[in-house]
Structures are given as structure tokens and as C-alpha cells.
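# Inside the fold
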Amino acid sequence: MSEFLISNFNKVTLTVVVLIATYQISTLFFERSYEKELSAFVNSVEKNSISEDGVWLEIRNSLGGWEKAILIFGYYGSGDREVCDQLLNSLSKENSTREYRCSSVNIDAPV
């Protein structure tokens, strides 16, 4: 096996480089596709009257930004906010190293 690697070092190196490049490119396209689909979903939720009283449970990421994790909607009255607050409290107890918050789906609504 080692003789094969030594005698074909350039071919093996090129193959490894091509595999790494292919992986990087496919990851890049997947991330762009995911971000695009997530953005379209969030925009749809924000404009939909069914979820207008809904609440996002968000998690602070390692870069300090907030990521939408759970969409809560469909509860009567202030039920969406109450459910989110309960989840937030439960998650905070479970993992105190992460920050969570509840934010309104309707971007014009008070927090």
C-alpha cells in the first residue's frame, strides 16, 4: 500500500485536493440554498395573518446574533407568548450556558 502511495503521490494528492474542493463547493451551495429558503420561510410567516400573533423562540449563536429556532403560533390570545416563555424557562434551566429569547413574529409588534 505504501509503495502505491509513494509511486502515485501526485495522483493521490490531486485526488484529495479535488475531493476537498468538491466538498467545499457543495457545502457553499447548500448553505446558500438553506439561507435562501429560511429567509423565504421567515418572510412568509411574517406576512401571513395566521401567524401574525405568533412568537419565535430564538437562540443566541456563538457570533452574538440571534437565530430563529422554534415558531409558536395558533394559541388563543396571548397563549403563543406564554408557551414561548415556558419553553424559554425550561431551556434556560436545561442549558444555562445558552441565551434564549421570545420575539414577536410581527416585526411591528411590541416585544
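That block above? That's the structure.
These notes cover the structure that comes with them. Keep in mind that this is a model prediction, so the values were computed, not measured. Within any chain, residue numbers begin from 1 and follow the written order of that chain's sequence. Given that the model is predicted, a residue must reach a pLDDT of at least 70 before its local features are reported, and side-chain atom pairs must reach 80 or more before they are shown or counted; all residues, however, enter totals for whole chains, interfaces and linings. Think of the side-chain values as coming from all heavy atoms in the structure, minus any hydrogens and water.

Before going further, it helps to examine the pattern of salt bridges. Salt bridges are defined as contacts in which a side-chain nitrogen from Lys or Arg sits within 4 Å of a carboxyl oxygen from Asp or Glu. Per the stated rule, a full pass over the model turns up 3 salt bridges. Here E58 makes a salt bridge to R101, at a shortest N to O gap of 2.5 Å. Of this pair, E58 sits in strand 1 (residues 55–60) while R101 sits in strand 3 (residues 100–104), and the two are 43 residues apart along the sequence. Overall, R101 belongs to the partly exposed group, its relative accessible area being 33%. Here R60 ties to E99 by a salt bridge, and the two come within 3.1 Å at their closest N and O atoms. Of this pair, R60 sits in strand 1 while E99 sits in the loop between helix 3 (79–94) and strand 3; the two residues are 39 residues apart in sequence, bridging distant segments of the chain. A cluster of three or more residues bridged by salt bridges with shared partners is formed by E58, K68 and R101. Here a strand is any run of E in DSSP of at least two residues, a helix any run of H or I of at least four, and the numbering for each starts at the N terminus. The rule is simple: take the accessible area with a 1.4 Å probe, protein chains only, and divide by the maximum for that residue type; under 20% is buried, over 50% is exposed, in between is partly exposed.

Spatial relationships are all this shows, so hold off on functional conclusions.
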